[in-house]
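Architecture and fold: a report
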Amino acid sequence: TLRKQKLKYGSKQPDAGELRVILAFELLDMKVDVVFGLARGEVRQAMMRGEIELNHDTAETYLANGAKMEKDGEIVPLFTLGYPKGEAIVRDPTFPQLNTAGELYEKLNGKAPTGPLYDTYKSFVNLGVAASKGFALPSGTPDDIRDAYVAAMKKTLDDPDFKKSAGDEVGDVPQLFGNDADFAIKQAVDLSPETNKWLLNFLATQYGFKPS
């Protein structure tokens, strides 16, 4: 059904954060017209007016607004972008009941997604999820100072009051440290020449866009 319907989705511009969502639509072979020049709030309002059929939200925004809309029968969730775990994309821990785009692809095609489109998608999910916000110290920082920062962050994350407040606000999102964080950042920014070529061609042929 998703592949047969012609749907509209709103985005700021071709290289904005919504690109990872556009790549998910492409992965699932959905027929989507992307309307550019719209902020997320404008897209949500257009969707509620029936002018646009597709919207996406961060976990924070969905928990604050979307969950009630879903309960009231105003919207239906389709899938999540997933959460990066090493080289894989697993179910979002905040919405474990929902399939990822990769899982839907496998159900539709009988095989797991591979190739430059999926590699690009994974890179942007890393960029927008696991590596979107981070703390870093200057190169050459002594290990004992770095360890003190890491210990303080972990102590904060393990605090029961903080965990409840953060969970209610943004969902249950695991935090990465050290080599795991470094791996996620590399996954986000180190595109292979083949993947980078595919992405530039996709933006140019689909939207006439050439990054500066």
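Basis of the calculations
- Residues numbered from 1 in each chain as written.
- Predicted model: local features only at pLDDT ≥ 70, side-chain atom pairs only at ≥ 80, totals over all residues.
- Heavy atoms only, no water.
- Helix = DSSP H or I, 4+ residues; strand = E, 2+ residues; numbered from the N terminus.
- Rg over C-alpha atoms; globule rule 2.2 N^0.38 Å.
- Buried < 20%, exposed > 50% of the residue type's maximum accessible area, 1.4 Å probe, protein only.
- Contact = heavy atoms within 4.5 Å.
- Lys, Arg positive; Asp, Glu negative; His and termini not counted.
- Charge placed at Lys NZ, Arg CZ, Asp CG, Glu CD.
- Polar contact = N/O pair within 3.5 Å; in protein donor to acceptor, adjacent residues only side chain to side chain.
- Axes fitted to C-alpha atoms, helices over the stretch in contact; angles between N-to-C directions.
- Parallel < 35°, antiparallel > 145°, perpendicular 65-115°, else oblique.

**Describing the overall build of the protein chain**
The secondary structure content of the protein chain amounts to nine helices and four strands. The helix and strand sequence of the protein chain, counted from the amino end, reads β-α-β-α-α-β-β-α-α-α-α-α-α. Here the C-alpha radius of gyration of the protein chain, 19 Å, is about what a compact globule of 212 residues would show, namely 17 Å. Projected onto the principal axes, the alpha-carbon positions of the protein chain cover approximately 55 × 45 × 35 Å. Counting every position in the protein chain, which comprises 212 residues, the buried fraction comes to 32%. In the protein chain, 66% of the contacts between residues at least 6 apart in sequence involve partners at least 24 apart. Between the averaged position of the 26 positive side-chain charges in the protein chain and that of its 31 negative side-chain charges there is a distance of 5 Å.

**Details of the side chain of Arg40**
Inspection of the secondary structure puts Arg40 in helix H2 (residues 40–48). Taking the relative accessible area as the measure of exposure, Arg40 reaches 17% and is therefore buried. At 3.0 Å, the side chain of Arg40 and the backbone oxygen of Gly10 are in polar contact.

**Structural notes on helix H1 (residues 19–27)**
With respect to burial, H1 is a largely interior element, eight of its nine residues being buried. Among the residues making up H1, those that are buried are Leu19, Arg20, Val21, Ile22, Leu23, Ala24, Phe25 and Leu27. Those residues of H1 hidden inside the fold are in contact with strand E1 (6–11), strand E2 (31–36), helix H4 (101–109), helix H5 (116–130) and helix H9 (193–207). With its phi angle positive at about 55°, Asp29 sits one or two positions after the end of H1.

**Considering the packing of H5 against H9**
The interhelical angle for the contact between H5 and H9, taken along N-to-C directions, is 90°, at an axis separation of 9 Å. It follows that H5 is roughly perpendicular to H9 by the angle criterion. Listed contacts from H9 to Pro116, Leu117, Asp119, Thr120 and Phe124 of H5 are Glu194, Thr195, Trp198 and Leu199.

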